[in-house]
Amino acid sequence: MAATYDAIVVGSGACGGWAAMELAKAGMKVLMLEAGSHIDPAKDFHHTFLYQMEYRGQAKPGALRRYAGSERNYRIMLDSSENPYTTAPGTVYNWGRSRVLGGRTLHWARASDRMADYEFKAASRDGYGMDWAVSYADMKPYYDRVEGFIGVSAAKEGLPQFPDGVFLPPMPLNCAETIFTAACKSLGWRSTHRRLAQLTRMHNNRPPCHYCGNCVNGCDVGAMFNTVAVTLPPALKTGNVEVRTDTVVAQVRMNNENRAQGVTYIERNTMKSVDVDAKYVVLAASTLENTRLMLLSAKDGLANSSGTLGHYMMDQVGGGGVTGILPKLKGGPSRLDDGKSAGISIPNFQNIDKKTARKDFIRGYVINATGGQSEYPQFASALPGYGSAWKKEVKSRYVAQARVWIAGGEMLSQKENRVELDPEVKDRWGIPVLKIHFTHSDNDRKLIADFQEKADELFKKAGGEAMPGMGRGGPTGFPGAPGSPDVGPGAGGQGGRQGGGPGGGRGAREGAVGGRALGSSIHEVGTARMSASPKDGVLNSFCQTHDVPNLYVFGGNAFPSTGDKHPTLTMMALSARGCDHLLEQAKGKKA
Ligand SMILES: Cc1cc2nc3c(=O)[nH]c(=O)nc-3n(C[C@H](O)[C@H](O)[C@H](O)COP(=O)(O)OP(=O)(O)OC[C@H]3O[C@@H](n4cnc5c(N)ncnc54)[C@H](O)[C@@H]3O)c2cc1C
Ligand code: SF4
């Protein structure tokens, strides 16, 4: 029987949105299946102050045990009571997920950096792990294409380890960032504006950011990149895309010719099981969900002739850092510091070549720093004292908050870090859930220890006064609910206003490295890595499975190593490259 659709795209996050748009623009009939519900940013996202909310942003007691996030944004998060996962003994892992049209793009922190050849080809340099099956030259046109479309504000720096791209003007630095920039100069470190998928001027009919600071609660005007505002409208405009929300895909079905026939999904609310067929199946349900679907679709995992499916899982190393105040700013006037998305980035400057090679650890990390006034003086409860003197002190420190954090510490890939199907636990729809086995290596620990030294050095050079628990301001905002299963203070301030990156400083939470639960970087990648040979991995360099020609997997799955950059731009560039390959295959030009 002829397939009803040219392509099924599972998931509507960063990668699914991109794939649906590209394939539909090329004339393919696309069915997008999304497990979460529909969302309309203009209607569903509101600007509110904490005092306007019944629970002052923390949400109704109990609600945040199920939903990661806050009173402001739990609607776009995932209900973890419906979607459990398990961990192996000894593993503490926070899996930050979202089930809604648009996925995590609705509340991500927008940091968008290109990876460089010293990351793609790291194994050739230091002998650990496996090189990527692509080089920067292969990726550059796709980075150009994605950045050019979504809009990334940044400054060009000419650093080979931090490749420049197609940029909109950067956002100006705030006072704290100017102080940190001067400190970097005197330390001889290069720094730049954080690179953000957030518009500083009109771009592709989308308005520039008006600095309301609500990004992690959903942008109502589409000034930050997210599927619903950016890739879905042009996809729908083609008339070639049908979106079905509340459809939980349970497996990929195969035919007798070793091709994917289609998928089976379960209607989220009615529990009805539905089969749909297509010529191509694109899994874009996020890294670990993609792997779960492949594990669910065949006895030893679909497209798993290499035996590597589920293995070599990575996140990025997080935790540590310094929080406190910059005394120079103390007592200054109130400012809207958390309206602007924040920060400076200090690109990795170690282990990028022979000259900078360290003897004690391999790979590297990017440092971020920012500061300024936040919506709420989160630090107040940690400040000793009481009465009017205490209130004055809180107010004077309120504008001077500052912090240094690690943006992307490379975590080494290890075969033992893996996911498998839990033999006992199932989700609300009766689908087996993932069990996660995950620990850090000695190298990861040495890397974070080195970062901590550098963070202390930078903070000191900036004249900072350290104070644990301080500096949540500016970009981090109000923290996620303590004890919430999916979000910690390190998870990008999901409940805050800007979600500029991990906060918390030293000793923020339990976990293996830097006092933070593993997974809190929310940069999970691997588990179906790309490889030049089908013996070594699940995907080829186009994110097509080596074993099943009409099955593509878009997300972080393909990453053989994490690099030290935020991963999503690279995931999207890989998706764009994969779409080109799929379209060529459809025309009979590629196998
Ligand atoms: C708070 C936060 C801050 C972040 N900040 C950054 C950052 O600054 N920079 C960066 O690079 N990355 C950041 N990330 C990570 C980034 O959000 C992800 O890398 C990116 O969204 C991954 O895109 P994706 O398309 O693979 O998956 P997602 O965006 O997670 O989308 C997957 C979609 O698939 C759907 N789905 C899942 N399972 C099924 C199923 N069985 N059937 C149907 N649909 C399904 C989900 O509902 C979801 O909508 C952040 C993440 C969070 C949570
Ligand atoms: S600050 Fe964030 S939410 Fe507000 S307009 Fe800018 S991108 Fe949108």
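Presented here is a report on the structure given in the accompanying data block. Just so we're clear, the structure is a prediction, and the values are computed from it rather than from any experiment.

1. Section: the site of ligand 1
Here is step 1 of the chain: Around ligand 1 there are 35 residues in total, and Cys15, Glu34, Arg104, Ala111 and Thr568 lie nearest to it.
Here is step 2 of the chain: Between ligand 1 and the protein, one listed contact pairs an oxygen atom with a backbone N or O atom of Ser98 at 3.4 Å.
Here is step 3 of the chain: Secondary structure elements with two or more residues in the shell around ligand 1: helix H1 (14–25), strand E6 (247–254) and helix H12 (568–586).
Here is step 4 of the chain: Ranked by residues supplied to the shell around ligand 1, first place goes to E6 with three residues.
Here is step 5 of the chain: Classifying every residue of the shell around ligand 1 gives 17 nonpolar, 13 polar and five charged.

2. Focus on the packing of aromatic side chains
Here is step 1 of the chain: Under the counting rule described, the total for this entry stands at twelve aromatic pairs.
Here is step 2 of the chain: Look at Phe180 and Phe459: their rings are 6.1 Å apart centre to centre, the planes differ by 40°, and that puts the pair in the tilted class. Of this pair, Phe180 sits in helix H7 (residues 175–187) while Phe459 sits in helix H11 (residues 442–461), placing them 279 residues apart in sequence.
Here is step 3 of the chain: Accessibility expressed as a relative area gives 3% for Phe459, which makes it buried.
Here is step 4 of the chain: Within the aromatic cluster, the residues linked to one another by ring pairs are Phe120, Trp132 and Phe559.

3. Concerning the sheet that holds strand E14 (residues 432–437)
Here is step 1 of the chain: Strands sit in the order E3-E14-E13 across an open sheet of three strands; the sheet is mixed. Across the chains shown, the open sheet's two edge strands, defined by having one partner strand only, are strand E3 (86–87) and strand E13 (418–426).
Here is step 2 of the chain: With five bridges connecting them, E13 and E14 associate as antiparallel partners. When the bridges of E14 are listed, Leu421 appears paired with Leu434.

4. Section: the pattern of salt bridges
Here is step 1 of the chain: In total, this model carries 34 salt bridges according to the counting rule given.
Here is step 2 of the chain: A salt bridge links Glu119 to Lys565; the shortest N-O distance between them is 2.7 Å. Remark: Lys565 occurs in the loop between strand E16 (551–553) and H12 and Glu119 occurs in helix H4 (residues 117–120); sequence separation between them is 446 residues. Of the two residues, Glu119 and Lys565, both sit in the buried class.
Here is step 3 of the chain: A salt bridge links Arg397 to Glu393, with the shortest nitrogen-to-oxygen separation between them at 2.7 Å. Linking Arg397 with Glu393, this pair stays in helix H10 (residues 387–398), spanning four residues, or about one helical turn.
Here is step 4 of the chain: Within this structure, Glu82, Asp246, Arg268 and Arg428 form a network of salt bridges that share partners.

5. Remarks on the side chain of Thr568
Here is step 1 of the chain: On the secondary structure map, Thr568 appears in helix H12.
Here is step 2 of the chain: You can call Thr568 buried: its relative accessible area is 17%.
Here is step 3 of the chain: Sequence-distant contacts of Thr568, defined by excluding residues within four places in its chain, comprise Ala14 and Trp108.

6. Side note on H7
Here is step 1 of the chain: For H7, which comprises 13 residues, the first-to-last C-alpha distance of 19 Å matches the rise-based estimate of 18 Å (1.5 Å per residue) to within 8%.
Here is step 2 of the chain: Those residues of H7 that fall on the buried side of the exposure criterion are Ala176, Glu177, Ile179, Phe180, Thr181, Ala183 and Cys184.
Here is step 3 of the chain: On the buried face of H7, the contacting elements are strand E10 (344–346), strand E11 (367–371), strand E12 (401–406) and H11.
Here is step 4 of the chain: Taking the backbone nitrogen of Ala176 as reference, a side-chain oxygen 3.1 Å away marks Asn174 as the first, capping residue of H7.
Here is step 5 of the chain: Gly188 lies just past H7 and shows a positive phi near 80°.

7. Let's talk about the packing of helix H6 (residues 136–150) against H12
Here is step 1 of the chain: Across the interface, H6 lies against H12 with an axial gap of 8 Å and an inter-helix angle of 110°. Considering their axes alone, H6 and H12 lie roughly perpendicular with respect to each other. Here Asp138, Met139, Tyr142, Tyr143, Arg145, Val146, Glu147 and Ile150 of H6 lie close against H12, whose contacting residues are Leu569, Thr570, Met572, Ala573, Leu574, Ala576, Arg577 and Asp580.

8. Here's the deal with the packing of H7 against H11
Here is step 1 of the chain: Two numbers describe how H7 lies on H11: the axes approach to 8 Å, and their chain directions differ by 110°. Between H7 and H11, the angle falls in the class roughly perpendicular. When you trace H7 past H11, the crossing you get is right-handed. Listed contacts from H11 to Phe180, Ala183, Cys184, Ser186 and Leu187 of H7 are Glu457, Leu458, Phe459 and Lys461.
Here is step 2 of the chain: When the residues that make up the contact of H7 with H11 are grouped by side-chain class, the tally is six nonpolar, one polar and two charged.

Reading the values: rules and limits
Residues numbered from 1 in each chain as written. Chains lettered and ligands numbered in written order. Predicted model: local features only at pLDDT ≥ 70, side-chain atom pairs only at ≥ 80, totals over all residues. Heavy atoms only, no water. Near = heavy atom within 4 Å. Polar contact = N/O pair within 3.5 Å; in protein donor to acceptor, adjacent residues only side chain to side chain. Helix = DSSP H or I, 4+ residues; strand = E, 2+ residues; numbered from the N terminus. Nonpolar A, V, L, I, M, F, W, Y, C, P; charged D, E, K, R; others polar. Phe/Tyr/Trp six-rings, centres within 6.5 Å; stacked < 30°, edge-to-face > 60°. Buried < 20%, exposed > 50% of the residue type's maximum accessible area, 1.4 Å probe, protein only. Pairing = 2+ DSSP bridges. Salt bridge = Lys/Arg side-chain N within 4 Å of Asp/Glu carboxyl O. Contact = heavy atoms within 4.5 Å. Expected span 1.5 Å × (residues − 1). Axes fitted to C-alpha atoms, helices over the stretch in contact; angles between N-to-C directions. Parallel < 35°, antiparallel > 145°, perpendicular 65-115°, else oblique. Left-handed = near helix turned anticlockwise from the far one by under 90°.

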